[in-house]
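# Remarks on the overall topology
Each chain is listed here by its residues.
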Amino acid sequence: MRRLFLYLCALIAMAPGLVAAQAWPSRPLRIIVAYPTGGVSDIVARALGEKLAVQLQQPVVIENRAGAGGSIGMDAVAKAAPDGYTIGFAAISPLVLNPHIGKVAYDPLKDIVPVVSVMFSPVVLLATPAFQGKDFAALLEAAKAKPGAVRWATSGLATIGHITLEQIKARAKVDITHIPYKGGGQVMNDALGGQFEVFTSNPGPSLSPHIASGKLRPLAVGAPKRFESLPDVPTFAELGFEAANLTSTFGIFAPARVPEAVVARLNDEVNKALAAPDLRERLHATDNVPTGGNAKQFVELIRDEFRTNERIVKEAGIRAE
């Protein structure tokens, strides 16, 4: 009798989540993108949103909440109702990197639920018209000749581009000025105008025509191997900067206390979308790599990266500027 009573209690406790999962989704979804419009994250989020809208038979609204290296958007996700109707798309850096550099308004390991890894995106270092040196070695020579004169733009503080820069500064013992923006999309116009010498970006369709025209010149990439589309451009590891050979992982996140069944459904639907040949082709065409996987794997990745970045930030002495 006691066992039956405990079993019934467990069913009652699970009931709200089961009901929510069965009814979900019954209205439009909102995806908060933690970066501005125009960047690779925005483009991928919109493509993914289109797939989910068809699969779930509900509209999917994209809302850009940029700033603070993705922390503003992630905070909006953390504070959203835990009903599965507001989710976030961002790199993992607002959870595993930003908290080690400055204060964030959320607990990165308690207030956010990692749902699924979507892709990993390599990092490209590009020269603008303001820098005429032929390669990465020339960039370091320029930085040594005039400390602080070389300006390196990134999509923000506590981003992978920022960490890449700090690793290079420490290893090469050079003084390069960091120019943090509020997202990758805003960097492009200034890059084309030569407002700084170099910048880091994730690959995307907005870069390709400017690389093809020679307006922007890739000097190095953070990736396991050279891009097929840029076979003559070395990785940072090849150049002797293994610690700077980093990539960005992007994923879907939800507020804490979202029913587990809803998280599982979201995970399944995103994996289904990522398996679609047309979406995979769109990602591969811009040198981004679709990932997917279960939620547990994504949680473990984030916890591992959180510990690793804590060490990197301390060793490099990186602080909010």
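A brief structural summary. The numbers attached to residues start from 1 for each chain and follow its sequence in the written order. Confidence filtering applies because this is a predicted model: local features only for residues at pLDDT of at least 70, side-chain atom pairs given and counted only at 80 or more, and all residues used for totals across whole chains, interfaces and linings. Heavy atoms throughout the structure, all of them, feed into the side-chain values; hydrogens and water do not.

### Quick word on the packing of helix α2 (residues 40-56) against helix α10 (residues 260-274)
Between α2 and α10, the shortest axis-to-axis distance is 10 Å and the interhelical angle comes to 115°. Between α2 and α10 the crossing geometry is right-handed. Between α2 and α10, the contacting residues are Leu48, Lys51, Leu52, Gln55 and Leu56 on the first element and Arg265, Glu269, Val270, Lys272 and Ala273 on the second. Here the residues of the contact of α2 with α10 sort into five nonpolar, one polar and four charged. Axis lines are fitted to C-alpha atoms, over the contacting stretch for helices. Their N-to-C directions set the angle, which ranges from 0 to 180 degrees. Only runs of H or I of at least four residues qualify as helices and only runs of E of at least two qualify as strands under DSSP, and these elements are numbered from the N terminus. The handedness criterion is simple: a crossing whose near helix is rotated anticlockwise from the far helix by less than a right angle is left-handed, and one whose near helix is rotated clockwise is right-handed. Whether two residues are in contact is decided by their heavy atoms, any of which lying within 4.5 Å being enough. Charged residues are taken to be Asp, Glu, Lys and Arg, nonpolar residues to be Ala, Val, Leu, Ile, Met, Phe, Trp, Tyr, Cys and Pro, and polar residues to be all remaining types, Gly included.

### Some points on the packing of aromatic side chains
Working definition: a ring pair exists when centres of Phe, Tyr or Trp rings (six-membered ring for Trp) sit within 6.5 Å. Plane angles under 30 degrees give stacked, over 60 give edge-to-face, the rest tilted. Tallying each qualifying case throughout the model produces eight aromatic pairs. With a centroid separation of 6.4 Å and 55° between ring planes, the pair formed by Trp24 and Tyr85 is classed as tilted. Of this pair, Trp24 sits in the loop between α1 (2-23) and β1 (29-33) while Tyr85 sits in the loop between α3 (71-78) and β3 (86-91), and the two are 61 residues apart along the sequence. Accessibility assignment for this pair places Trp24 and Tyr85 in one class, buried. Here's how the labels work: a residue is buried when its accessible area is under 20% of the maximum for its type, exposed when over 50%, partly exposed in between, all with a 1.4 Å probe on protein chains only.

### A closer look at the layout of surface pockets
The space that makes up the largest pocket amounts to roughly 750 Å³. Val123, Ile160, Asn202, Ser248 and Phe250 are, among the 43 residues lining the largest pocket, the residues nearest its centre. Breaking the lining of the largest pocket down by element, the ones donating at least two residues are α2, α4 (93-96), α7 (160-172), α8 (184-192), β7 (198-201), β9 (247-255) and α12 (295-316). Top element by residues in the lining of the largest pocket is α12. It accounts for five residues. When the residues that make up the lining of the largest pocket are grouped by side-chain class, the tally is 20 nonpolar, 22 polar and one charged. Residue lining of the second largest pocket: Phe120, Pro122, Ala223, Pro224, Lys225, Arg226, Phe227, Glu228, His284, Asp287, Asn288 and Val289, and that is the complete set. Taken together, the residues of the lining of the second largest pocket break down into six nonpolar, two polar and four charged. A cavity, in this analysis, means grid points on a 1 Å lattice covering only the protein atoms where a 1.4 Å probe fits yet has no way out; a pocket is instead an open set bounded by protein on both sides within 12 Å along at least five of seven lines, and a residue lines either one if it has an atom within 4 Å of a point. Grid points are joined across faces, edges and corners, and a volume is the space filled by probe spheres set on the points.

### Topic: the pairing of strand β8 (residues 217-222)
Most of β8 is tucked away: five of the six residues are buried. Only when DSSP finds a minimum of two bridges between them are two strands counted as paired. One ladder, built from five bridges, connects strand β4 (residues 112-127) with β8; its direction is antiparallel. Residue pairing across strands places Val123 opposite Gly222, the latter belonging to β8.

### Section: the pattern of salt bridges
We count a salt bridge whenever a side-chain nitrogen from Lys or Arg sits within 4 Å of a carboxyl oxygen from Asp or Glu. Within this structure, the stated rule accounts for 13 salt bridges. Beyond isolated ion pairs, a larger network of salt bridges with shared partners links Arg30, Glu63 and Arg65.

### Notes on the packing of α2 against helix α11 (residues 277-284)
Where α2 meets α11, the axes come as close as 11 Å, and the angle between the chain directions of the two elements is 175°. With respect to α11, the element α2 is oriented roughly antiparallel. Contact with α2, carried on its side by Val44, Ala47, Leu48, Glu50 and Lys51, involves Asp278, Leu279, Arg282 and Leu283 of α11 and no other residues of that element. Grouping the amino acids of the contact of α2 with α11 by side-chain chemistry returns five nonpolar, no polar and four charged. Angles below 35 degrees are treated as roughly parallel, those above 145 as roughly antiparallel, those between 65 and 115 as roughly perpendicular, and all remaining angles as oblique.

### Considering the pairing of strand β6 (residues 177-180)
Every other side chain in a regular strand lies on the same face of the sheet, so the side chains alternate between the two faces. Strand direction decides the pairing type here: strand β5 (residues 151-154) and β6, joined by four bridges, are parallel. Bridge pairing in β6 links Ala153 to Ile179. Crossovers are marked right-handed if the path from the first strand over the helix to the second runs clockwise, as seen with the strands pointing away from the viewer. Of the crossover connections in this fold, the one passing from β5 over α7 to the parallel β6 is right-handed.

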